Amino acid sequence: MPRKLIKRYLPDHHKIRSHKHLKCFGSLLHDPNIWHLNRRSVSGAFFLGLLCAWIPVPFQMLIAAAVAIMARVNLPVSIGLVWVSNPFTMPPMFYFAYKIGAWILSSPAHKFSFELSFEWLKHELGYIWEPFLLGCLVLGLLSAISGYLFIRIMWRFHVFQYIKKRRLRKQQAS
């Protein structure tokens, strides 16, 4: 069952409840639904985590945690999937998002070279913000929907395999 595989990699929920950045959620972390591993909870967490991974703001994990608690989907899975966009993957992901957004808007891609400064951000953001945010939205929705569907299909496949093996064992025992 996928539950056993996922459970193997998840941290203990008591450890997560006591995490310093998640204490702001207080007693909301005691809802048992955000810790359950079932098809609805995990597929919803995949949707949410992959969607939040494409949000171009700092503290994506807090956004994913807040929405996971409100939607009552698996909290650790949704927070963990936000790390798809990490410091190594963010530049190519967000550049690709900009290119997709420019393609959708049929606008020519603005040539720019990146500098880590406030002046660069102030000057260049005016040119790239619309295609960049549109690309992030489109790619976020596409990855979230595909992750959701993938987990639903794989979960169902594993359940059918389990039932098939159980029937086979019963037939061999009789």
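Preceding this section is the structure that the text describes.
I will try to describe carefully the structure that is included in this document. (Residues numbered from 1 in each chain as written. Predicted model: local features only at pLDDT ≥ 70, side-chain atom pairs only at ≥ 80, totals over all residues. Heavy atoms only, no water.)

What to know about the nonpolar core
Part 1 of the reasoning: Of all hydrophobic cores here, the largest spans 24 residues; its most connected members are Leu29, Ile34, Val42, Phe46, Ile69 and Leu75.
Part 2 of the reasoning: Mapped onto this core, the elements with two or more residues apiece are helix H3 (39-53), helix H4 (60-71), helix H5 (75-82) and helix H7 (118-173).
Part 3 of the reasoning: Element by element, the count of residues in this core is highest for H3, at 6 residues.
Part 4 of the reasoning: Apart from residues lying up to four places away in sequence, Ile34 is in contact with Leu28, Leu29, Ala68, Ile69, Arg72, Val73, Asn74, Leu75 and Pro76.
Part 5 of the reasoning: Counting residues in hydrophobic clusters, the runner-up holds 10 residues, among them Met93, Ala97, Ile100 and Cys136. (Core = buried A, V, L, I, M, F, W, Y, C linked by side-chain atoms within 4.5 Å. Buried < 20%, exposed > 50% of the residue type's maximum accessible area, 1.4 Å probe, protein only. Helix = DSSP H or I, 4+ residues; strand = E, 2+ residues; numbered from the N terminus. Contact = heavy atoms within 4.5 Å.)

Considerations on helix H6 (residues 90-105)
Part 1 of the reasoning: With 16 residues, H6 should reach 22 Å at 1.5 Å per residue; the first-to-last C-alpha distance of 22 Å fits that figure.
Part 2 of the reasoning: Residues of H6 that are buried include every one of Met93, Phe94, Ala97, Tyr98, Ile100, Gly101 and Ala102, and no others. (Expected span 1.5 Å × (residues − 1).)

Notes on the side chain of Ser143
Part 1 of the reasoning: For Ser143, the position within the fold is in helix H7.
Part 2 of the reasoning: Discounting chain neighbours no more than four positions away, the residues touching Ser143 are Leu50 and Trp54.

Notes on the environment of Ala53
Part 1 of the reasoning: Relative to the elements of secondary structure, Ala53 occurs in helix H3.
Part 2 of the reasoning: C-alpha of Ala53 to C-alpha of Ser143: the two residues are 90 residues apart in sequence and 9.5 Å apart in space.
Part 3 of the reasoning: Excluding its chain neighbours within four sequence positions, the residues that come into contact with Ala53 are Gln60, Leu81, Val82, Val84, Ser85, Met93 and Phe94.

Considerations on a nonpolar patch on the surface
Part 1 of the reasoning: A cluster of nonpolar side chains, Leu137, Leu141, Ile145, Leu149 and Ile153, forms an exposed patch at the surface whose accessible area comes to about 450 Å².
Part 2 of the reasoning: Along the chain, Ile145 falls in helix H7.
Part 3 of the reasoning: A residue is classified by how much of its surface remains accessible, and Ile145, at 43% relative accessible area, is partly exposed. (Patch = residues over 30% accessible without salt bridge, like charges linked within 9 Å, V, L, I, M, F, W, Y side chains within 5 Å. Areas by Shrake-Rupley, 256 points an atom, 1.4 Å probe, with all protein chains shown as cover. Salt bridge = Lys/Arg side-chain N within 4 Å of Asp/Glu carboxyl O.)

Examining the packing of H4 against H5
Part 1 of the reasoning: Contact geometry for H4 and H5: axes closest at 9 Å, N-to-C directions at 155°. Of the possible angle classes, the one that applies to H4 and H5 is roughly antiparallel. Crossing hand, H4 versus H5: right-handed. Contact residues: H4 offers Gln60, Met61, Ala64, Ala65, Ala68 and Ile69, while H5 offers Leu75, Ser78, Ile79 and Val82.
Part 2 of the reasoning: For the contact of H4 with H5, the residue count by class is 8 nonpolar, 2 polar and no charged. (Axes fitted to C-alpha atoms, helices over the stretch in contact; angles between N-to-C directions. Parallel < 35°, antiparallel > 145°, perpendicular 65-115°, else oblique. Left-handed = near helix turned anticlockwise from the far one by under 90°. Nonpolar A, V, L, I, M, F, W, Y, C, P; charged D, E, K, R; others polar.)

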